[in-house]
Amino acid sequence: MMDYSKFMVDTFDAKEWINAAFRVQKESGGGSKDQHASTMVMKLQVFIQEVNNILEEAGQQALQNLPRVVRELDAIRQEASLLQDQMANVKKDIQKVEQDSSQSMQMLLKLDKIKSRMKNTADALKEADNWTTLSADMDEVFQTEHIDTITSKLAGMQQSLHMLVDTPDYVEKCQHLEKLKNRLEAMLSPQLIAAFNSQSLEQTQKFCHIFESIDRLPEMHKYYHKCHKNTLLQTWKATWEACPDESALNELFDLLQDTWYSQVKWVAQVFSDPASLVLELLTQTLSTLDPPLPIVFNKLLEPCKDRMLDKLIELKQVSDRCAKGLENAVQSHIQEGFQTSNSLQHLIRAIYDPYKTYTGKYRIFEEVALTKQLDAIRLDHSEVIDTVQLLAESVSKLFSAANDANERCQSLTNGFCYQGLMDAYKTFFVSYTREFRRVLINIREKCRTSSQAELEDWGDFQSSLRIIETCGHLYMQVEDLDQLVSGSILHSLGHLLVSHSPSKDGDGSTVHACHSFHFQASLFLPFQADIESLENMVSKLEEGESPPVFNEIKSDLSKLSSEVHKFAFEIVFSQLKTYLNGVSVMEIWTSQSAGGAMTSNLPTFSLSPLEYITKVGQYLMTLPQHLDPFTLQDSPALTTALKHGRLPYTNPQEIPEHLADIWLESVAMGTMYTYTEEILKIPQVSPHGCKQLLTDIDYLCNVLEDLGLKAADTLTHIHSLLSVSSDDFGDTAELLPQRVSHTIGNMRGIHL
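Because the structure is a prediction, the values reported are computed rather than measured. (Residues numbered from 1 in each chain as written. Predicted model: local features only at pLDDT ≥ 70, side-chain atom pairs only at ≥ 80, totals over all residues. Heavy atoms only, no water.)

1. As for the overall build of the chain
Part 1: The secondary structure content of the chain amounts to 27 helices and two strands.
Part 2: For the chain, the residues scored as buried account for 41% of the 752 residues in total.
Part 3: Excluding contacts between residues fewer than 6 apart, the proportion of contacts in the chain whose partners are at least 24 apart in sequence is 76%. (Helix = DSSP H or I, 4+ residues; strand = E, 2+ residues; numbered from the N terminus. Buried < 20%, exposed > 50% of the residue type's maximum accessible area, 1.4 Å probe, protein only. Contact = heavy atoms within 4.5 Å.)

Following this line, the structure appears as structure tokens:
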């Protein structure tokens, strides 16, 4: 049986259909493929014929029905035209009726307005008469002390008063009604207080109906708050007097939570807004404690001045537990359909309000704590090597204190006082680098004292490298601290910026508002400007920027690294400086001969370099073997310190693979600079002195070439000006720097 349904599919593939048909034939074990193909062709031809027949019949039927369809369309078109004409006539009739009846309608409207005014006047007269009737015998009604009757009459008078707003004595009537309400309230107050104290549901519901009917329900709320608040205040005072320590604070917050759970269900059977009512009770209680929370905090913190922040964190953990418990409880009631308005926010503010006194001075407290930890870090020792070791060990202690400060900021302020911490960090690191520089000056003095004429002991240089390595560790740790603090800020505050305004579309909006950025920030920051500044900082962090204080700290550490590199350079360069000191006043430059022989006509190559320059050359040649043991070690800290610091006489550039190379370049450049400055100080040079000076310069250039270094431009210029003849001196000098040309010209006695 052939499957013809495939021909109706949009994605029909003839090859696939034929292959499938042959696979079926093969699986069924039929005849040959040719026979099967002939059979399929025959069946398809029969099927095509059937389809053609069906199409032909359908076409003929459509042609037969076409005249009837055309006739029906003409009939519909005629009916539509007739309907259009009738609609136009109706529209004209309506317009005519409106024109004819407009005056009548206006008259009807005026009559209706007159009727309404007359009815209002009648109602007002009725209510005025009712007011007179009701107020006439109020004294007698009060004497009966029948509460229901009094309430009914007061409600009637109140309704009548709404209609008498425009009467001349309306204010007097209002005052009279308020006096009557006060009289009823005074009559009910003992029973109402007794009902609240005994938690009598039936009595309380009755009084609620009475107060609601006379528009005094807020006054009943005040009675409720007053009754229960007095009980809570007495309990707190007894608790504090019995045990004036942190446990009293725990008991207070436990009391608040217990009050919530015990009261909210009972109040829900009386009032329409139970959650807000109970939250307001708790807020008023916290605001009127005796002793108040600020005094309690002062007494609890007074014995802990040395660990003020740690004690505050312990107290805040107690407050966090209470606030979180109440939030969860309120959330569950919101899900049950209760509303809280802004009452939860007011309660949370009351819980955290005592902390604002301390968080407002958070920077000062953190600076004191960090300074105390910094004072405990020892940096000085009588021996240089021990002092260097203390500097290295100080890094871990320094950043351990910084990390502790970051955790304190998270724990105590939920991250909202990070700007104060940034300022404290700045003071902390500035104080440390100031001490570091002081110690560096002491080490430099000790190294100068212990230095000898010949530099044989490279221990001072090794010590200086360890100090450089310490600078590298400092910079790397500051970068890590930067990432840690930035991550902590974004983790604790970043998500709050997404929804920093309260939700207004459904239940739970108040709970959402309690977790908005501005509300949370207001719990710890006293000024709006501080909140806006913090928000701006968090936004910049989200864009990838770094806190500005860390850029300042890194800049200061870069300067410190440069100072330490300069100190290490001075140690290496001190011997070279000794060799070159006094070169400008050597007598050889003005002598006409050497050893009594006339040498003015001798060629330059016949002269030997003087001892001072050979000592310089020998020192430079042996320098790599002294530097390699200290600088070939794989130390990221050394590389970091050099990257952000700078050796003297070097330009900012990429760090070479071996640090010894840049050290050798620095010493060589320093040598050439010092040497050229000494040469330019020579007052006068004789022809023999000129040749000797050229010999010395050539020797130094050969040494530099052997070390793979290039002579400095100034040294090359001096060599050119010394070697050129007097006749050609002017042409050569015009192409070279003016200072060098004039100095060498005066030295040789050539006036330009």
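Still more ground to cover, so stick around.
2. Concerning helix 10 (residues 293-301)
Side chains of residues three or four places apart in an α-helix project in the same direction, reflecting 3.6 residues per turn.
Part 1: Buried residues of helix 10: Leu293, Val296, Phe297, Leu300 and Leu301, and no others. For helix 10, the buried positions fall inside an angular range of 125° around the axis, keeping them on one side. (Arc of directions from axis to C-beta.)

3. Observations regarding the side chain of Thr650
Part 1: With respect to the element layout, Thr650 can be found in the loop between helix 22 (636-644) and helix 23 (659-680).
Part 2: Thr650 gets classed as buried once you look at its relative accessible area, which sits at 2%.
Part 3: In this structure the side chain of Thr650 is engaged in a polar contact, spanning 2.6 Å, whose partner is the backbone oxygen of Leu647.
Part 4: Non-local contacts of Thr650, meaning those with residues more than four positions away in its chain, are made with Ile662 and Ser666. (Polar contact = N/O pair within 3.5 Å; in protein donor to acceptor, adjacent residues only side chain to side chain.)

4. Topic: the packing of helix 23 against helix 27 (residues 738-748)
Part 1: Interhelical geometry of helix 23 versus helix 27 gives an angle of 50° and a closest axis separation of 10 Å. The angle between helix 23 and helix 27 places the two elements in the oblique class. Of the residues in helix 27, those touching helix 23 at Glu677, Ile679 and Leu680 are Arg739, Thr743, Ile744 and Met747.
Part 2: Looking at the contact of helix 23 with helix 27 residue by residue, the classes come out as four nonpolar, one polar and two charged. (Axes fitted to C-alpha atoms, helices over the stretch in contact; angles between N-to-C directions. Parallel < 35°, antiparallel > 145°, perpendicular 65-115°, else oblique. Nonpolar A, V, L, I, M, F, W, Y, C, P; charged D, E, K, R; others polar.)

5. Observations concerning the packing of aromatic side chains
Part 1: Using the criterion set out here, one finds 19 aromatic pairs in the structure.
Part 2: For the ring pair Phe416 and Phe524, a centre distance of 6.0 Å and an interplane angle of 10° mean the geometry is stacked. Within this pair, whereas Phe416 is found in the loop between helix 14 (384-413) and helix 15 (418-450), its partner Phe524 is found in the loop between helix 18 (517-522) and helix 19 (528-542), the two being separated by 108 residues in sequence.
Part 3: Both rings, one in Tyr612 and one in Tyr675, keep their centres 6.1 Å apart while their planes meet at 55°; by these two values the pair is tilted. Of this pair, Tyr612 sits in helix 21 (residues 611-631) while Tyr675 sits in helix 23, and the two are 63 residues apart along the sequence. Neither residue differs from the other here; Tyr612 and Tyr675 are each classed as buried.
Part 4: Among the aromatic residues, those joined into a ring-pair cluster are Phe297, Tyr352, Tyr355, Phe416, Phe517 and Phe524. (Phe/Tyr/Trp six-rings, centres within 6.5 Å; stacked < 30°, edge-to-face > 60°.)

6. What to know about the nonpolar core
Part 1: Counting residues in hydrophobic clusters, the biggest one holds 182 residues, and the most contacted among them are Trp260, Leu286, Tyr425, Trp663 and Tyr675.
Part 2: Discounting chain neighbours no more than four positions away, the residues touching Trp260 are Ala275, Val278, Leu279, Leu282, Leu326, Ala329, Val330 and His333. (Core = buried A, V, L, I, M, F, W, Y, C linked by side-chain atoms within 4.5 Å.)

7. Looking at a negative patch on the surface
Part 1: Together, Asp727, Asp728, Asp731 and Glu734 give the surface a local cluster of negative charge.
Part 2: Take Asp728: it is sitting in the loop between helix 25 (713-723) and helix 26 (729-734). (Patch = residues over 30% accessible without salt bridge, like charges linked within 9 Å, V, L, I, M, F, W, Y side chains within 5 Å. Areas by Shrake-Rupley, 256 points an atom, 1.4 Å probe, with all protein chains shown as cover. Salt bridge = Lys/Arg side-chain N within 4 Å of Asp/Glu carboxyl O. Lys, Arg positive; Asp, Glu negative; His and termini not counted. Charge placed at Lys NZ, Arg CZ, Asp CG, Glu CD.)

8. Comments concerning unusual backbone geometry
Part 1: With an omega of 5°, the peptide bond running from Asp290 to Pro291 counts as cis.
Part 2: When you line up the elements, Pro291 lands in the loop between helix 9 (274-287) and helix 10.
Part 3: Phi is positive for Asn414, close to 55°, though the residue is something other than glycine.
Part 4: With respect to the helices, strands and loops of the structure, Asn414 is situated in the loop between helix 14 and helix 15.
Part 5: What makes Asn414 partly exposed here is its relative accessible area of 24%.
Part 6: You will see that Tyr649, though not glycine, has its phi angle at about 65°, which is positive.
Part 7: With respect to the helices and strands, the residue Tyr649 is situated in the loop between helix 22 and helix 23.

9. Focus: a nonpolar patch on the surface
Part 1: Among the surface-exposed residues, Leu66, Val69, Val70, Leu73 and Ile76 lie close enough to one another that they form a single nonpolar patch of about 430 Å² accessible area.
Part 2: Topologically, Leu66 is positioned in helix 2 (residues 33-136).
Part 3: A residue is classified by how much of its surface remains accessible, and Leu66, at 48% relative accessible area, is partly exposed.

10. Some remarks on the pattern of salt bridges
Part 1: On inspection of all chains with the given rule, the structure shows 22 salt bridges.
Part 2: Note that Asp254 is salt-bridged to Arg321, the shortest N-O span being 3.0 Å. Residue Asp254 is found in helix 8 (residues 246-268), and its partner Arg321 is found in helix 11 (residues 308-335); the two are separated by 67 residues along the sequence.
Part 3: Counted as one network, the salt bridges with shared partners bring together Glu246, Arg307, Lys311 and Glu314.

11. Digging into helix 13 (residues 362-375)
Part 1: The end-to-end C-alpha distance of helix 13, which contains 14 residues, comes to 20 Å, matching closely the 20 Å that a straight helix rising 1.5 Å per residue would cover.
Part 2: Looking at helix 13, one finds that the buried residues are Tyr362, Glu366, Glu367, Ala369, Leu370 and Leu374. The buried residues of helix 13 occupy an angular sector of 165° when projected down its axis, which confines them to one face. (Expected span 1.5 Å × (residues − 1).)

12. Here we look at the environment of Leu534
Part 1: Along the chain, Leu534 turns up in helix 19.
Part 2: For the pair Leu534 and Gln419, spaced 115 residues apart in the sequence, the C-alpha separation amounts to 6.9 Å.
Part 3: What Leu534 contacts, discounting residues up to four positions off in sequence, is Phe416, Gln419, Leu493, Phe517 and Leu525.

13. Here we look at the environment of Lys265
Part 1: Secondary-structure assignment places Lys265 in helix 8.
Part 2: A residue is classified by how much of its surface remains accessible, and Lys265, at 61% relative accessible area, is exposed.
Part 3: Distance in space between the C-alpha atoms of Lys265 and His333 is 9.7 Å, their sequence separation being 68 residues.

14. Topic: the confidence of the model for the chain
Part 1: Here the chain averages 82 in pLDDT, while 82% of its residues score no lower than 70.
Part 2: Put simply, strand 2 (residues 597-598) is where the chain has its lowest mean pLDDT, 42, and helix 14 is where it has its highest, 94.
Part 3: This stretch, residues 501-507, has a pLDDT under 50; its non-local contacts, to residues over four places away or in other chains, come to eight contacts.
Part 4: Note on residues 595-600: pLDDT under 50 across the span, and seven contacts to partners over four residues away in sequence or across chains. (pLDDT = per-residue confidence, 0-100.)

15. Some remarks on the packing of helix 7 (residues 217-242) against helix 8
Part 1: Two elements in contact, helix 7 and helix 8, have axes separated by 10 Å at closest approach and are oriented at 155°. Of the possible angle classes, the one that applies to helix 7 and helix 8 is roughly antiparallel. Crossing angle aside, the handedness with which helix 7 passes helix 8 is right-handed. Between helix 7 and helix 8, the contacting residues are Tyr224, His228, Leu232, Thr235, Trp236, Thr239 and Trp240 on the first element and Ala248, Leu249, Glu251, Leu252, Leu255, Thr259, Gln263, Trp266 and Val267 on the second. (Left-handed = near helix turned anticlockwise from the far one by under 90°.)

16. Remarks on the side chain of Asp696
Part 1: Its place among the elements puts Asp696 in helix 24 (residues 687-706).
Part 2: Buried and unpaired, Asp696 has no salt bridge, with Lys615 as the nearest side chain of opposite charge at 13 Å.
Part 3: Sequence-distant contacts of Asp696, that is, excluding residues within four places in its chain, are made with Trp589, Ser608, Pro609, Leu610, Tyr612, Ile613 and Tyr675.

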